[in-house]
Amino acid sequence: MASIGDPTVVLVPDDSLAAVSELYRHHWLGLVRLAVLVVDDRQSAEDVVQEAFTGLYRRWPLKDSDKALSYLRAAVLNGSRSVLRRRRVARLYTPPAERPNSSAESAAVVGEDRREVQQALQALPTRTREVLVLRYYLDLAHAEIAQILGISESTARATASRGIAVLTDKLKELR
């Protein structure tokens, strides 16, 4: 099979449909396999590859047509990463639970409790507040927190532990 880098395959810059179609015929399956390895889902992988080819077609002719396959591979990897990010966000989202009909008094108590927690959180140092919010609000692992904040995992653990202790003390003071 000839590929774009082969001298036997000549791409005519004015005929973008033919050039992209030629790339599609020769490399579609390999790019889908690449995407499947990343996203672990054939349908999503095919969508990612299709989007990559659509992007290539829109940008054709490239300054260096020999780099079209490299462009496609990069676009497939980036598209696959985007699919994984969207999945992660979707898994983190939990729809609001239906609230039981509660009395005005219990709603006032809950509102007061939230205000106290927010007030106590605001009194914490920024790094501690960030770690606690990422850990307990977004439910991220310490390794992910460390990566996001650019700190070590042990620092994230220690900061969360100390932050909870300080937050507990502050809440006790407010009550």
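Before any of the text, the structure's been laid out above.
If you're wondering where the values come from, they're calculated on a predicted model, not measured in any experiment.

Engineer: Which parts of the structure should I look at to understand the environment of Leu 23?
Structural biologist: As for its position among the elements, Leu 23 is in helix 1 (residues 16–39). Residue classification places Leu 23 among the buried residues on the basis of a relative accessible area of 0%. Spatially, the C-alpha atom of Leu 23 lies 8.3 Å from that of Ala 68, the residues being 45 residues apart in sequence.

Engineer: Would you explain the pattern of salt bridges in this entry?
Structural biologist: It is possible for side chains of opposite charge to pair when their charged atoms get near one another. Taken as a whole and assessed by the stated rule, the structure comprises 6 salt bridges. Of the charged contacts in the structure, one is a salt bridge between Arg 87 and Asp 41, with a shortest N-O distance of 3.4 Å. Of this pair, Arg 87 sits in helix 3 (residues 68–92) while Asp 41 is found in the loop between helix 1 and helix 2 (42–59), placing the two residues 46 residues apart along the sequence. With a relative accessible area of 27%, Arg 87 lands in the partly exposed category. Judged by its relative accessible area of 28%, Asp 41 falls in the partly exposed class. Asp 139 is the partner of Arg 135 in a salt bridge, and the nearest nitrogen-oxygen pair spans 3.8 Å. You can call Arg 135 partly exposed: its relative accessible area is 21%.

Engineer: Is there a simple way to explain a nonpolar patch on the surface in this structure?
Structural biologist: Taken together, the side chains of Val 133, Tyr 137 and Leu 138 define a hydrophobic patch exposed on the protein surface, amounting to about 310 Å² of accessible area. Among the residues examined, Tyr 137 registers a relative accessible area of 68% and is labelled exposed.

Engineer: Whenever I open this one, unusual backbone geometry confuses me. Can you help?
Structural biologist: Glycine aside, negative phi is the norm for most residues, and most peptide bonds take the trans geometry. For Asp 40, which is not glycine, the phi dihedral falls at a positive 60 degrees. Secondary-structure assignment places Asp 40 in the loop between helix 1 and helix 2. Asp 40 gets classed as exposed once you look at its relative accessible area, which sits at 68%. For Asp 139, which is not a glycine, the phi torsion comes out positive at approximately 60 degrees. When you line up the elements, Asp 139 lands in the loop between helix 5 (126–137) and helix 6 (142–149).

Rules used in this analysis
- Residues numbered from 1 in each chain as written.
- Predicted model: local features only at pLDDT ≥ 70, side-chain atom pairs only at ≥ 80, totals over all residues.
- Heavy atoms only, no water.
- Helix = DSSP H or I, 4+ residues; strand = E, 2+ residues; numbered from the N terminus.
- Buried < 20%, exposed > 50% of the residue type's maximum accessible area, 1.4 Å probe, protein only.
- Salt bridge = Lys/Arg side-chain N within 4 Å of Asp/Glu carboxyl O.
- Patch = residues over 30% accessible without salt bridge, like charges linked within 9 Å, V, L, I, M, F, W, Y side chains within 5 Å.
- Areas by Shrake-Rupley, 256 points an atom, 1.4 Å probe, with all protein chains shown as cover.

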